[in-house]
Amino acid sequence: MATIYKIHPAIGVARVGNSPDAFFIGPETPGSPGVEIGADGAETTLTTYKHNGLVKRQATRFRVLPTSKTCQATSNWSVRSAPTRVSSGA
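As the structure is a prediction and not an experimental result, all values here were calculated from the model.

Participant: Describe the overall build of the protein, with residues and values.
Facilitator: The secondary structure content of the protein amounts to 0 helices and 8 strands. When the elements of the protein are put in sequence order from the N terminus, they spell out β-β-β-β-β-β-β-β. Per-residue burial for the protein yields a buried fraction of 13% across its 90 residues. When the accessible surface of the protein is summed, it comes to about 7,900 Å², and 55% of that surface belongs to carbon and sulfur atoms.

Participant: How would you summarise a nonpolar patch on the surface if you had to cite specific residues and measurements?
Facilitator: A cluster of nonpolar side chains, Tyr 5, Ile 7, Phe 62 and Val 64, forms an exposed patch at the surface whose accessible area comes to about 450 Å². If you trace the backbone, Ile 7 turns up in strand β1 (residues 4–8). Judged by its relative accessible area of 45%, Ile 7 falls in the partly exposed class.

Participant: Go over the pattern of salt bridges, please, and point to the residues and values.
Facilitator: In the structure shown here, the tally under the stated rule is 4 salt bridges. Residue Lys 56 is joined to Glu 36 by a salt bridge in which the shortest nitrogen-to-oxygen separation is 2.3 Å. Of this pair, Lys 56 sits in the loop between β6 (54–55) and β7 (57–59) while Glu 36 sits in strand β3 (residues 35–37), and the two are 20 residues apart along the sequence. Taken as a pair, Lys 56 and Glu 36 share a single burial class, namely buried. Measuring nitrogen to oxygen at the nearest pair gives 2.8 Å for the salt bridge that ties Glu 43 to Arg 61. Highlighted residues: Glu 43 in strand β4 (residues 43–45) and Arg 61 in the loop between β7 and β8 (63–67), separated in sequence by 18 residues. By relative accessible area, which is 27% here, Arg 61 ends up partly exposed. The network of salt bridges with shared partners includes Glu 28, Glu 43, Arg 61 and Arg 63.

Reading the values: the criteria
Residues numbered from 1 in each chain as written. Predicted model: local features only at pLDDT ≥ 70, side-chain atom pairs only at ≥ 80, totals over all residues. Heavy atoms only, no water. Helix = DSSP H or I, 4+ residues; strand = E, 2+ residues; numbered from the N terminus. Buried < 20%, exposed > 50% of the residue type's maximum accessible area, 1.4 Å probe, protein only. Areas by Shrake-Rupley, 256 points an atom, 1.4 Å probe, with all protein chains shown as cover. Patch = residues over 30% accessible without salt bridge, like charges linked within 9 Å, V, L, I, M, F, W, Y side chains within 5 Å. Salt bridge = Lys/Arg side-chain N within 4 Å of Asp/Glu carboxyl O.

Pasting the structure below:
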């Protein structure tokens, strides 16, 4: 069986800030605050989400992981709507 590669996390999620140049890499493990990357490439634990009063942009480290069709998970879900009355506003 051929190996299939998938991008994780799925593309389509973004968290934007209003700082034009400051950013951080979002949490990669539960409970982690995220990391900042210095000009020399060194990673340090994130201490604040703001830079000069502006919110830093959040980046994500994408990974390409091998998977196979036999290990894909599926989920079934449904939505039920309850009838409601519209108020007359009187």
